[in-house]
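# Reading the structure
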Amino acid sequence: MWELFLIGFLGVYLPGPDMLLVIRTSLFYGRKEALIVLMGILSGNVIYLMPVILGYAIVVQEGIGFLFVFGGIFLIWMSFKIRKITEIDFSITKDTPKNFYFLGLFTNLSNPKAVLYFSSVLLPSLLKNPKEQLFSILSFFVGVVLAFLSLILFHHWVKEFIKKYLKILNFVFFLLFFSYGMYFLVYGLYLISNHIFRI
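Worth saying up front: this structure is predicted, and the values here are computed from it rather than measured.

Rules behind the numbers
- Residues numbered from 1 in each chain as written.
- Predicted model: local features only at pLDDT ≥ 70, side-chain atom pairs only at ≥ 80, totals over all residues.
- Heavy atoms only, no water.
- Helix = DSSP H or I, 4+ residues; strand = E, 2+ residues; numbered from the N terminus.
- Buried < 20%, exposed > 50% of the residue type's maximum accessible area, 1.4 Å probe, protein only.
- Contact = heavy atoms within 4.5 Å.
- Areas by Shrake-Rupley, 256 points an atom, 1.4 Å probe, with all protein chains shown as cover.
- Arc of directions from axis to C-beta.
- Patch = residues over 30% accessible without salt bridge, like charges linked within 9 Å, V, L, I, M, F, W, Y side chains within 5 Å.
- Salt bridge = Lys/Arg side-chain N within 4 Å of Asp/Glu carboxyl O.

### Some details on the overall build of the protein
Of regular secondary structure, the protein possesses 10 helices and 0 strands. Helices and strands in the protein line up, N terminus first, as α-α-α-α-α-α-α-α-α-α. Per-residue burial over the protein gives 47% buried out of 199 residues. For the protein, restricting intrachain contacts to residue pairs at least 6 apart in sequence, the fraction spanning at least 24 positions comes to 89%. Approximately 11,100 Å² of the protein is accessible, and the part contributed by carbon and sulfur atoms is 71%.

### Things to note about helix H9 (residues 155-164)
Buried within H9 we find His155, Val158, Lys159 and Ile162. Relative to the axis of H9, the buried residues are bounded by an arc of 100° and lie together on one face. Among the exposed residues of H9, those oriented more than 90 degrees off its buried face are His156, Trp157 and Lys164.

### Thoughts on the side chain of serine 79
Mapping serine 79 onto the fold places it in helix H5 (residues 64-83). Those residues within four positions of serine 79 in sequence are excluded, and the remaining contacts are Phe174, Phe177 and Phe178.

### Quick look at a nonpolar patch on the surface
Taken together, the side chains of Leu35, Val142, Leu146, Leu149, Leu153, Phe154 and Trp157 define a hydrophobic patch exposed on the protein surface, amounting to about 670 Å² of accessible area. For the nonpolar patch, the element with the most residues is helix H8 (residues 133-153), which contributes 4 residues.

Here it is, written out as C-alpha cells:
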C-alpha cells in the first residue's frame, strides 16, 4: 500500500498540467482559489477512476498479465519522457478565470495520459491485492491530496526548489517510474507465461 501512496504523491510532482495549474493559481490568485482548483482536479480523477473500477471485473477474468505488461511499458515510456524535461514554465496569463473549479476539472479531463496513469498504476495494484481495494484507492488518493496540499501551502518554495534541482528531481523520478515499470512488465510477462503453459 505504501507503494501506491508514494506513486500517488510523487506523481503529482511530475511536471504536468495539473501540477503547474495548482502552483500558478496559488502563486497568482491565492491558496483559496488553488484549493478550489484542487477540488476540480480531484473530481476529474474520480471520473477517470470510474472506468478503471468498472473494468476491474472484466480484467480479472481475462488479460490481467497483458494489463501489467501495458502498465509497465507505459511507466517506462513516462520515465524517459521525464528525462527529457529541461525547464518548466510557471508563467500565467493576466485573465482571471471565472470558475476555478471547472478550470481544474477540465484541465485534468483534457489530459488523456491521466486515464493511462490510473489504469497502469492503480488497476494492477487492485488486481494484485483484491481484498484491499478500498485501502489501495484511499492510500493512492491520500498521497495525491497531500502532494497537492504541499504545493498550495509551500508554492514559492516548491517553485524555487523545482527550478534549482530539476535535473536531480527528473533523475529520481526517472529511476522510480522506470523501476516500477520494469516490475510491472516482468510480473505481467510472468503471468502471461503461466497462463500459456497452463493451457
